[in-house]
Protein chains: 2
Amino acid sequence: MSEVQIPATVAPDAVDAWEHEVDVVIVGQGVAGTCAALEAHRAGAEVLIVERASGGGGASAMSSGIFYLGGGTAVQDAAGYEDSAEDMARFLMASCDPLDPNATLAFCRDSKDHFDWLEEQGVPFERTYFPGKAVYLLDTTCLMWTGNEKTWPYREVAKPAPRGHKVAGQGENAGSEGMKPLLQRCIDEAIPAIYDSAVIALVQDADRRVMGVQVKQSTGTFFVKARRGVVIACGSHNLCKELLDEHLPLLTETSEPLAIPSNDGAGVRLGMSAGGYAVSMDGLIPTGSIYPPGQLINGIIVNRNGERFVAEDVYHGRLGNFVMEQPGQTAYLILDSEVFAYPENPFAKHQLVDGWETVGEMEAGLNLPTGSLVRTMAEYSEDAAKGEDRRFHKHPDWLKPLTAGPYAAFDISFDKSTYLFITLGGIKTDEQGRALDLRSNAIPGLYVVGASAAHIPRTGKAYASGLSLGPGSYFGRRAGRHAAGANWG
Amino acid sequence: MSEVQIPATVAPDAVDAWEHEVDVVIVGQGVAGTCAALEAHRAGAEVLIVERASGGGGASAMSSGIFYLGGGTAVQDAAGYEDSAEDMARFLMASCDPLDPNATLAFCRDSKDHFDWLEEQGVPFERTYFPGKAVYLLDTTCLMWTGNEKTWPYREVAKPAPRGHKVAGQGENAGSEGMKPLLQRCIDEAIPAIYDSAVIALVQDADRRVMGVQVKQSTGTFFVKARRGVVIACGSHNLCKELLDEHLPLLTETSEPLAIPSNDGAGVRLGMSAGGYAVSMDGLIPTGSIYPPGQLINGIIVNRNGERFVAEDVYHGRLGNFVMEQPGQTAYLILDSEVFAYPENPFAKHQLVDGWETVGEMEAGLNLPTGSLVRTMAEYSEDAAKGEDRRFHKHPDWLKPLTAGPYAAFDISFDKSTYLFITLGGIKTDEQGRALDLRSNAIPGLYVVGASAAHIPRTGKAYASGLSLGPGSYFGRRAGRHAAGANWG
């Protein structure tokens, strides 16, 4: 196992010349960096965007384009859902146990306005709603349920509402339709950007103030001075083998990162180099959803002891976390003939094991302990007939006695199927997007936003689709304004 | 920072002679080891207890003697509380997000019976109840509220019940009154034990089966063969500087471990040596309770930004976790003249900062950002007048507008006051107490219970007093029976 490479910072007196001087340097032009650049520029700061790729967009443009937003957005209104900042906060506070409750509360309080701002920039959102179960949609429908809002215990502490707002783009990379107008704004407002340019080190003085960056291009390296601040917004560490080895030992060879080539952890490693504290580094969203189709949620999921271990209606990333922790990382989706269907998730490779006439034969066929599956299914079906799931509180909508043989099982094991993953950890920050050290002291002049920062949820068990683009764009804006010396709200 | 020392395992062919041969070796004679020994012995196994101290009891005997139990124990009945295994499970499942839900469910299901078993062994419990707020009681009163049962969001997902069952002993080390009868049973039943004897290595064959232990006494070392299994029950790593440095960087110099000298992490390190997976190692209970007296919960707690960050009525360990994460690890307890009192917690050293006529003067006196505390207190008092706490959902019982000047503040900062701490992490185990590896495969012949194993709560935010002795004694019993080859229940 090789060591995580943390770049050394450069002392100001080691800088022979500043190639450029600006107020705010933005590292990375995904959604967080772009929003930071727009706000800093509009607050009067001289901005320079430094981007490793040959153009803007980042992983945001490759994503499915879902923003987690609520509190009564125009789309929620159109779909007939009454949501409030309070309910959104109740849900996130209860499910995420966030490191900074006040940042989470601010995100909820401003969420509706933030949606309006995104629309004003030209990000397209339809006034449409999808009521079913899907991981993401291939058409332009906007609003859907993307998290654990209706799962237990969260449905008991906050009024559930759909909060996944997908930009009106086709296909699996609809995020690009959201990035296009934001990037166009940068061009329209003449915000300078340099491409094919990697930030390889931060310049930091003895008082820990970050004063600029060292940039590497194919022709050499140079320094850029940032009079007011540096905003790191260069994505996740999904491809950083050393950080994965160190913090995520449960990842298997069969797991595949959702990433673009620059997701090598440069952001979190630069942040650490200046004293930023990397937190939630064991946070992971491993997704191998069993749905669509939604009817499969009527089945049960058991481990190799023949025991259930999670409510089957949870968000797919929460399910993946639980599967990952089971004995042998083994799990089976168990169906009877009435709910049987093939999982349509094109990425997960859940294999049909076999079909059997009786539960006893299935138990033997899956090599489960004698009597275990028979007992588990009898208890579950008895509960389901009464419309309750005493063990894991699966929502009554998905409770059906599994008594209509023949039966079938899909192997959804973590190390047999394919789970796509996204890392959640990163630098600890406050509601202004400022980078914090071990004891939560802000590092002067340094901001970290987007996937380089720790997410609101500490673990993938609490994630909902859209909690990267939603908070990423929001805290990007706040960091941009704060770095420019402007107030928020 | 020095490396964590993991002892090497010994191959069987490197064992020249077995000094003793038994069925089950129990490492440590605290509550978990003692219960394991009794059950293994009663199931017909030949048992040897190996204890480092000169007598049994361990940290359990030094503890305040609280067992977290429920589901309708005789004490709960006598106090007029209807509790059920189902409600206990709903609470623990929602608050602890346990690594092994089935182990947690089994603990809840058997909790009432386990209480009866403890009484049958002679552990004394009164039929008495304390309705107030305390960290622990100095008299022999039994039942009290010891966790987050009545705090949000848990009170909304499970019917709250008091589940802290304290043994009928006086003073702060009442745990000894619980250990005495258990140790006496070991003597009465002639279970062999050797003292002043440290297990320094496990004997493990090429198939990973644990076959015995290497014991060190003042006169030298020798090997003991365990035909059926080794049960590691030798406590926490509260004193293991290397493990603390590696996993708990937020601990301060002012924090003091609650520990006996043998809590050097021998258990978790022995478990790791044989391939056991150490989990939740960043789990911590840092306790610097603001109560008693309970009236102080009517105050609010703010960080150095003048913002609240937690409901003030949470369990003291949960509060400590939140304080630890605040900027500068700084926090103040803010009181008005109607709720003012001195905290009576004899261990925490919360200092009175000063008194002020107005909130504005207090804000200035505490060096909080201008307007921050005034805004926080105005919002809080407005909410409290309506009997609701929109931000953090403190229970209405503790909501009182803080408008009766003069005002006072206590400094409850993590690095200024003294927080006592207990670590929560350890070896991952299943409901039989078997040690599990990275992928949750059981290591043949190895069991880990008590504080050497990972607790049910993953973090101190979910802890309740009694969740060491309760599950420790229960899973100790199960490990003992399983190691002896007997079934459970």
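Residues numbered from 1 in each chain as written. Chains lettered and ligands numbered in written order. Predicted model: local features only at pLDDT ≥ 70, side-chain atom pairs only at ≥ 80, totals over all residues. Heavy atoms only, no water.

Looking at an unreviewed UniProt entry, one finds chain A named Succinate dehydrogenase/fumarate reductase, flavoprotein subunit, with Novosphingobium mathurense as its source organism.

A.B. asks: Would you explain the overall build of chain A in this entry?
C.D. replies: What chain A contains, in helices and strands, is 14 helices and 20 strands. Computed over C-alpha atoms, the radius of gyration of chain A comes to 23 Å, within 12% of the 23 Å expected from 2.2 N^0.38 for 489 residues, which places it in the range of a compact globule. In terms of overall dimensions, chain A has C-alpha extents of about 75 × 50 × 40 Å along its principal axes. Relative to its full complement of 489 residues, chain A shows a buried share of 63%. Taking as baseline every contact in chain A between residues at least 6 positions apart, the subset at least 24 positions apart corresponds to 75%. (Helix = DSSP H or I, 4+ residues; strand = E, 2+ residues; numbered from the N terminus. Rg over C-alpha atoms; globule rule 2.2 N^0.38 Å. Buried < 20%, exposed > 50% of the residue type's maximum accessible area, 1.4 Å probe, protein only. Contact = heavy atoms within 4.5 Å.)

A.B. asks: Would you mind showing me how to read the pattern of salt bridges here?
C.D. replies: Oppositely charged side chains can form a pair if their charged atoms are brought close together. Under the counting rule described, the total for this entry stands at 56 salt bridges over all chains. For Asp97(A), the salt bridge identified is with Arg318(B), shortest N-O distance 3.6 Å. Of the two residues, Asp97(A) sits in the loop between helix 4 (85-96) and helix 5 (101-109) while Arg318(B) sits in helix 11 (residues 316-325), which places them in two different chains. For Asp97(A), a relative accessible area of 21% gives the class partly exposed. Look at Arg318(B) and you get buried, because its relative accessible area is 9%. We note a salt bridge from Asp264(A) to Arg269(A), for which the minimum N-O separation is 3.7 Å. Classification of Arg269(A) by relative accessible area gives buried; the value is 15%. One salt-bridge network, held together by shared partners, links Glu21(A), Asp23(A), Glu46(A) and Arg227(A). (Salt bridge = Lys/Arg side-chain N within 4 Å of Asp/Glu carboxyl O.)

A.B. asks: Help me understand the relation of the copies chain B and chain A, please; the structure alone is not making it clear to me.
C.D. replies: Two chain copies, one operation linking them: a rotation about an axis together with a shift along it. Once turned by 180° and shifted 0.0 Å along the axis, chain B lies on chain A with an RMSD of 0.0 Å. This pairing of chains is accounted for by a two-fold axis. Among all residues of chain B, the minimum C-alpha distance to the rotation axis is found for Glu156(B), at 3.2 Å. When the interface residues of chain B are mapped onto chain A, 100% of them are again interface residues, pointing to one common binding face. (Least-squares fit on C-alpha atoms with pLDDT ≥ 70 in both.)

A.B. asks: Even after reading the chapter, I still don't get a negative patch on the surface, so can you show me in this structure?
C.D. replies: Taken together, Glu3(A), Glu246(A), Glu3(B) and Glu246(B) make up a surface patch of like negative charges. Its place among the elements puts Glu3(B) in the segment before strand 1 (18-27). Residue classification places Glu3(B) among the exposed residues on the basis of a relative accessible area of 63%. (Patch = residues over 30% accessible without salt bridge, like charges linked within 9 Å, V, L, I, M, F, W, Y side chains within 5 Å. Areas by Shrake-Rupley, 256 points an atom, 1.4 Å probe, with all protein chains shown as cover. Lys, Arg positive; Asp, Glu negative; His and termini not counted. Charge placed at Lys NZ, Arg CZ, Asp CG, Glu CD.)

A.B. asks: Sorry, what's going on with the pairing of strand 21 (residues 442-448) of chain B here?
C.D. replies: Sheet faces and side chains relate simply in a regular strand, where the side chains alternate between the two faces. Residue and element names in this part refer to chain B. Where burial is concerned, most of strand 21 is hidden: 5 out of the 7 residues are buried. Two strands pair when backbone bridges link them, and strand 10 (residues 220-232) and strand 21 are joined in this way by 3 bridges, in the parallel orientation. Pairing of Val230 across the sheet is with Leu446, part of strand 21. Where strand 20 (residues 434-436) meets strand 21, 2 bridges bridge the pair, whose relative direction is antiparallel. For Arg434, the partnering residue across the bridge sits in strand 21 and is Tyr447. (Pairing = 2+ DSSP bridges.)

A.B. asks: Can you walk me through the interface of chain B and chain A in this structure?
C.D. replies: Often, the extent of an interface is quoted as the loss of accessible area on bringing the components together. Each partner contributes to the interface: chain B provides 42 residues, whereas chain A provides 42 residues. Of the roughly 3600 Å² buried between chain B and chain A on both sides combined, carbon and sulfur atoms contribute 46%. Three residues, Asn102(B), Glu325(B) and Arg439(B), lead the burial of chain B against chain A; their summed loss comes to 15% of the area buried on that side. Across the contact surface, chain B and chain A share 6 salt bridges. One salt bridge connects Glu156(B) with Arg90(A), and the closest N-O pair in it is separated by 3.5 Å. Listed by contribution, the elements that provide at least two residues to the side of chain B that touches chain A are helix 4 (85-96), helix 5 (101-109), helix 7 (154-157) and helix 11 of chain B. In terms of residues, the side of chain B that touches chain A owes the most to one element, helix 4 of chain B, which gives 4 residues. (Buried area = accessible area lost by both parts, 1.4 Å probe.)

A.B. asks: It is not clear to me how the confidence of the model for chain A should be interpreted in this structure. Could you clarify?
C.D. replies: Per-residue pLDDT for chain A has a mean of 96; in total, 100% of the residues score no lower than 70. Reported confidences for the modelled complex are a pTM of 0.94 and an ipTM of 0.90. (pLDDT = per-residue confidence, 0-100.)

A.B. asks: Would you mind showing me how to read the environment of Pro192(B) here?
C.D. replies: All names here are of chain B. With respect to the helices and strands, the residue Pro192 is situated in the loop between helix 8 (175-188) and strand 7 (193-194). Classification of Pro192 by relative accessible area gives partly exposed; the value is 42%. Along the backbone, Pro192 and Ala37 are 155 residues apart, and their C-alpha atoms lie at a distance of 9.5 Å. For Pro192, the residues in contact, after removing those within four places along its chain, are Val47, Leu48 and Ile49.

A.B. asks: What should I look at first to understand the domain arrangement of chain A in this one?
C.D. replies: Residues and elements named next belong to chain A. Assigned domains within chain A: domain 1 (1-283 + 420-488) and domain 2 (289-417). Put simply, the middle of domain 1 and the middle of domain 2, counted by C-alpha atoms, are 35 Å apart. Listed per partner, the contact involves 24 residues of domain 1 and 27 residues of domain 2. When domain 1 packs against domain 2, the two sides together hide about 2100 Å² of surface, and 60% of this comes from carbon and sulfur. Linking domain 1 with domain 2 are 1 salt bridge. Residues Lys461 and Glu325 are paired through a salt bridge, measuring 3.2 Å at the closest nitrogen-oxygen approach. If you look at where domain 1 meets domain 2, you find 9 residue pairs in polar contact (both at pLDDT 80 or more). (Domains from an automatic or database assignment. Polar contact = N/O pair within 3.5 Å; in protein donor to acceptor, adjacent residues only side chain to side chain.)

A.B. asks: Can you help me understand the state of the cysteines in this one?
C.D. replies: All names here are of chain A. Overall, the coordinates contain 0 disulfides over all chains when judged by the stated rule. Unpaired in this structure, Cys234 has its nearest cysteine sulfur neighbour in Cys240, at a distance of 12 Å. Of the residues examined, Cys234 reaches a relative accessible area of 17% and is grouped as buried. (Disulfide = S-S within 2.5 Å.)

A.B. asks: Help me understand the UniProt feature "domain: FAD-dependent oxidoreductase 2 FAD-binding" (unreviewed entry) in chain A, please; the structure alone is not making it clear to me.
C.D. replies: Mapped onto the present numbering, the UniProt feature "domain: FAD-dependent oxidoreductase 2 FAD-binding" (unreviewed entry) falls at residues 23-454 of chain A. The span residues 23-454 of chain A carries 27% helix and 21% strand; its end-to-end C-alpha distance comes to 25 Å. (UniProt positions renumbered as here; feature names shortened; annotations may be inferred.)

A.B. asks: What's the story with the packing of aromatic side chains in this structure? I'm lost.
C.D. replies: Centre-to-centre distance and the angle between the planes together describe a pair of aromatic rings. Applying the stated rule across the entire model yields 30 aromatic pairs over all chains. With a centroid separation of 5.0 Å and an interplanar angle of 40°, the aromatic rings of Phe414(A) and Tyr419(A) are classed as tilted. As far as the burial class goes, Phe414(A) and Tyr419(A) line up, both buried. An aromatic cluster of three or more residues is present, and its members are Phe107(A), Tyr474(A), Phe475(A) and Trp488(A). Taking NZ or CZ as reference, Lys150(B) lies 4.2 Å from the ring centre of Trp145(B), over its face. A cation over a ring is seen here: Lys461(B) above Phe322(B), with NZ or CZ 4.1 Å from the ring centre. (Phe/Tyr/Trp six-rings, centres within 6.5 Å; stacked < 30°, edge-to-face > 60°. Lys NZ or Arg CZ within 6 Å of the ring centre and 35° of its normal.)

A.B. asks: What am I meant to see in the sheet that holds strand 13 (residues 300-303) of chain A here?
C.D. replies: Hydrogen bonds between backbone atoms are what pair the strands of a sheet, whose relative direction is either parallel or antiparallel. Residues and elements named next belong to chain A. Here 4 strands make up an open sheet; going across it, the order is 13-14-16-15 and the pairing antiparallel. Sheet topology places strand 13 and strand 15 (351-356) at the edges, where each strand pairs with a single neighbour. Neighbour to neighbour, the strand axes of the sheet diverge by 25° on average, direction disregarded. Two elements, strand 15 and strand 16 (residues 407-411), share 5 bridges in a ladder whose sense is antiparallel. Bridge pairing links Gly355 to Ala408 in strand 16. Its contacts with the sheet put helix 13 (residues 372-385) on strand 13, strand 14 (331-336) and strand 16, and the angle it makes with strand 13 is roughly 150°. (Axes fitted to C-alpha atoms, helices over the stretch in contact; angles between N-to-C directions.)

A.B. asks: For this particular structure, what's the right way to read the sheet that holds strand 6 (residues 164-166) of chain B?
C.D. replies: All names here are of chain B. Read across the open sheet, the 4 strands follow the order 3-6-5-4; overall the sheet is mixed. Strands at the two margins of the open sheet, each flanked by one partner only, are strand 3 (66-68) and strand 4 (129-130). Where strand 3 meets strand 6, 3 bridges bridge the pair, whose relative direction is antiparallel. When the sheet's bridge partners are listed, Ile66 is paired in strand 6 with Lys166.

A.B. asks: In this structure, what is going on with the packing of helix 4 of chain A against helix 5 of chain A? I would like to understand it.
C.D. replies: Helix-helix packing: each pair is described by the crossing angle between the helix axes and the interaxial distance. Residues and elements named next belong to chain A. One way to put it is that helix 4 packs onto helix 5 with a least axis distance of 8 Å and a crossing angle of 145°. Here helix 4 runs over helix 5; the crossing is right-handed. Contact with helix 4, carried on its side by Ala85, Met88, Ala89, Leu92 and Met93, involves Pro101, Thr104, Leu105, Phe107, Cys108 and Arg109 of helix 5 and no other residues of that element. Residue composition of the contact of helix 4 with helix 5, by class: 9 nonpolar, 1 polar and 1 charged. (Left-handed = near helix turned anticlockwise from the far one by under 90°. Nonpolar A, V, L, I, M, F, W, Y, C, P; charged D, E, K, R; others polar.)

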